[in-house]
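# Report on the structure
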Amino acid sequence: MTTPKPLAGVRVLELARILAGPWAGQLLADLGAEVIKVERPEVGDDTRGWGPPFVTAADGSAWGAAYFHACNRGKKSVAVDFETADGQGVVRALAAECDVIIENFKVGGLVKYGLDMATLRTLHPRLVTCSITGFGADGPYANRAGYDFMIQGMAGLMDITGDPAGEPQKVGVAVADIFTGIYATVGILAALRRRDTTGEGGHVDMALLDSAVGILANQAMNYLVSGRAPTRLGNAHPNIVPYQVFAVADGHVIVAVGNDGQHARFCQVIGAEHLAGGPYAQNRDRVRLRDELVPLLSPFVAGFGRDDLLARLEAAGVPAGPINTIADVFDDPQVVHRGLRLDLRAADGSRVPGVASPIVIDGVRQVADGPSPRLGADTAAVLQAFNISLPLAESET
């Protein structure tokens, strides 16, 4: 007998677009929830057009940008214009059938439609609602629009990312959006668990800025404890040495020494045993003497070929690894073994690649069965299932 997914029976209404809200919706879909995505007729989620590249359907037509497919797997699409009274009625009727609502409009943006989370929760007290904004529901920035790039700068992430001699850098993916989506999912699941006990829903207020500050982790604590703001160290670590990129004869390697024993073994492998002890024996001193030690280690590393050095370090129990291209990642035998590359088939035979959820429960990777939906593909079926009428039929695109 097949074990049901953890969120089987949970129904989610997604009034969200771009990345943070859809990322939360996709994660819930991967875990087994039924996720109904409400989109604008004809246009849909903005990211459907954020290409190239575009996914090509079985009939040769363009089926939305790769960006859209990155965060909308396993959902149903209902095309409804909720700027109209009829559309608003449809959304309210759908809300009555759902356990969770996710939205990412500006603060107060849904009030004029009568679809704000406070109103919907008054009508349906068991609802768990989640609002995702740039800066949260209150505070001096509450009414500002928030975008990942801006947030990475405002949260300090860019000031600690990049070459110390260069300009501040953002991370190569929208980490503020993605972490907000993940934190939103955690908040939603916690509110659902509490509802099991109290019978009452709740509201999850998620802000991109809060999430980005929240992931500053040890760098935030370094400042809060010392009173000194961390600065960019490029590929070095603020609290561990040597923990960085080193040049080798044919490229670069990452050496991630995590303790004093690993440092001693690293020095032995590269033929620099004299740099293992004395003033460099303990990490606290290696951090203090970083600018002295690293230039001494580098020439010993530089004579090795990448693969030879990585093999020697692995045999010695010293953490190290290559710097892969994205193409390398999906050819990596561990990534292949773990099934992180997806090949999802749609009802019409179209195939859509994807990246699997990292969550594995009881040996089963938690991934939705189908790819992202075509715009409006499920409008008729969903509304019919709930006996909801839509006077103006929406066309499938």
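Above this text sits the structure in question.
Let me sum up the structure you'll find in this document. (Residues numbered from 1 in each chain as written. Predicted model: local features only at pLDDT ≥ 70, side-chain atom pairs only at ≥ 80, totals over all residues. Heavy atoms only, no water.)

## Details of the environment of A79
Note on placement: A79 falls in strand β5 (residues 76–79). Separated by 41 residues in the primary sequence, A79 and V38 place their C-alpha atoms 5.9 Å from one another. (Helix = DSSP H or I, 4+ residues; strand = E, 2+ residues; numbered from the N terminus.)

## Overview of the packing of aromatic side chains
Counted under the stated rule, the structure contains six aromatic pairs. Between F135 and Y141 the ring centres are 5.5 Å apart and the planes differ by 80 degrees, which places this aromatic pair in the edge-to-face class. A relative accessible area of 34% places Y141 in the partly exposed class. Here the aromatic cluster, defined as three or more aromatic residues joined through ring pairs, consists of F82, F105 and Y113. A cation sits over an aromatic face here: R17 above F105, 5.1 Å from the ring centre. (Phe/Tyr/Trp six-rings, centres within 6.5 Å; stacked < 30°, edge-to-face > 60°. Buried < 20%, exposed > 50% of the residue type's maximum accessible area, 1.4 Å probe, protein only. Lys NZ or Arg CZ within 6 Å of the ring centre and 35° of its normal.)

## Overview of the pairing of strand β7 (residues 128–133)
Taken residue by residue, a regular strand's side chains alternate between the two faces of the sheet. With six of six residues buried, β7 lies mostly within the body of the structure. Because side chains alternate across β7, one face comprises the buried residues V128, C130 and I132, and the other comprises T129, S131 and T133, equally buried. For the crossover from strand β6 (residues 100–103) across helix α4 (residues 117–123) to β7, the handedness is right-handed. Pairing geometry for β7 and strand β8 (residues 202–207), over six bridges, is parallel. Bridged to V128 within β8 is G202. (Right-handed = clockwise from strand over helix to strand, strands pointing away. Pairing = 2+ DSSP bridges.)

## So, the pattern of salt bridges
Under the criterion given, the structure shown has 17 salt bridges. Notably, a salt bridge pairs E34 with R11, separated by 3.0 Å at the nearest N-O pair. In this pair, E34 sits in strand β2 (residues 34–39) while R11 sits in strand β1 (residues 11–15), placing the two residues 23 residues apart along the sequence. The partly exposed category is assigned to E34, whose relative accessible area is 23%. Here R312 makes a salt bridge to D308, at a shortest N to O gap of 3.0 Å. Here R312 and its partner D308 are both found in helix α12 (residues 306–316), four residues apart, which amounts to about one turn of the helix. Here D308 falls in the partly exposed class, since its relative accessible area comes to 35%. One network of salt bridges, with partners in common, ties together E14, K37, D45 and K75. (Salt bridge = Lys/Arg side-chain N within 4 Å of Asp/Glu carboxyl O.)

## Some thoughts on a nonpolar patch on the surface
Taken together, the side chains of Y141, Y147, M150 and M154 define a hydrophobic patch exposed on the protein surface, amounting to about 400 Å² of accessible area. Turning to its location among the elements, Y141 is positioned in the loop between β7 and α5 (148–154). (Patch = residues over 30% accessible without salt bridge, like charges linked within 9 Å, V, L, I, M, F, W, Y side chains within 5 Å. Areas by Shrake-Rupley, 256 points an atom, 1.4 Å probe, with all protein chains shown as cover.)

## Observations regarding the side chain of K37
As for its placement among the helices and strands, K37 is situated in strand β2. A relative accessible area of 0% places K37 in the buried class. Within the structure, K37 has its side chain in polar contact with the side chain of N72 (distance 3.0 Å). Ignoring any residue separated from it by four or fewer positions in sequence, one finds K37 in contact with E14, A16, R17, P22, D45, F68, N72, K75, K76, S77 and V78. (Polar contact = N/O pair within 3.5 Å; in protein donor to acceptor, adjacent residues only side chain to side chain. Contact = heavy atoms within 4.5 Å.)

## Remarks on the sheet that holds β2
An order of β5-β2-β1-β6-β7-β8 is seen for the six strands of this open sheet, with the pairing classed as parallel. A strand with exactly one partner marks an edge of an open sheet, and here the two such strands are β5 and β8. Taking each pair of neighbouring strands and ignoring which way they run, the sheet shows an average axis angle of 20 degrees. Pairing of β6 with β7, which is carried by four bridges, proceeds in the parallel orientation. (Axes fitted to C-alpha atoms, helices over the stretch in contact; angles between N-to-C directions.)

## Describing the sheet that holds strand β11 (residues 320–321)
Hydrogen bonds between backbone groups are what pair the strands of a sheet, and the pairing can be parallel or antiparallel. Strand order in this open sheet of three strands is β9-β10-β11, and the pairing throughout is antiparallel. Of all the strands in the sheet, the pair left with one neighbour each is β9 (243–248) and β11. In this sheet, strand β10 (residues 251–256) lies alongside β9 in antiparallel orientation, the contact comprising six bridges. Across the sheet, F246 pairs through a bridge with V253, a residue of β10. Across the face of the sheet, α12 comes into contact with β9, β10 and β11 while running at roughly 15 degrees to β10.

## What about α12?
One turn of an α-helix holds 3.6 residues; hence residues three or four places apart share an orientation. Among the residues of α12, L309, L310 and L313 are the ones counted as buried. Along the long axis of α12, the arc covered by the buried residues comes to 100 degrees, so they all point the same way. In this structure, α12 carries D307, E314 and A315 as exposed residues pointing more than 90 degrees from its buried face. Where the residues of α12 are buried, they touch β9, β10, α9 (260–270), α11 (290–302) and β11. Of the residues one or two after α12, G317 is the one with positive phi, at around 75 degrees. (Arc of directions from axis to C-beta.)

## Some thoughts on unusual backbone geometry
In this model, P52 is joined to P53 through a cis peptide bond whose omega is 5 degrees. Tracing the backbone shows P53 in the loop between β2 and β3 (54–56). Look at the link from V241 to P242: it is a cis peptide, with omega at -5 degrees. A positive phi angle is found at I18, which is not glycine, with a value near 70 degrees. Mapped onto the elements, I18 comes out in the loop between β1 and α1 (20–30). What makes I18 partly exposed here is its relative accessible area of 22%.

All we've got here are geometric facts, nothing functional implied.
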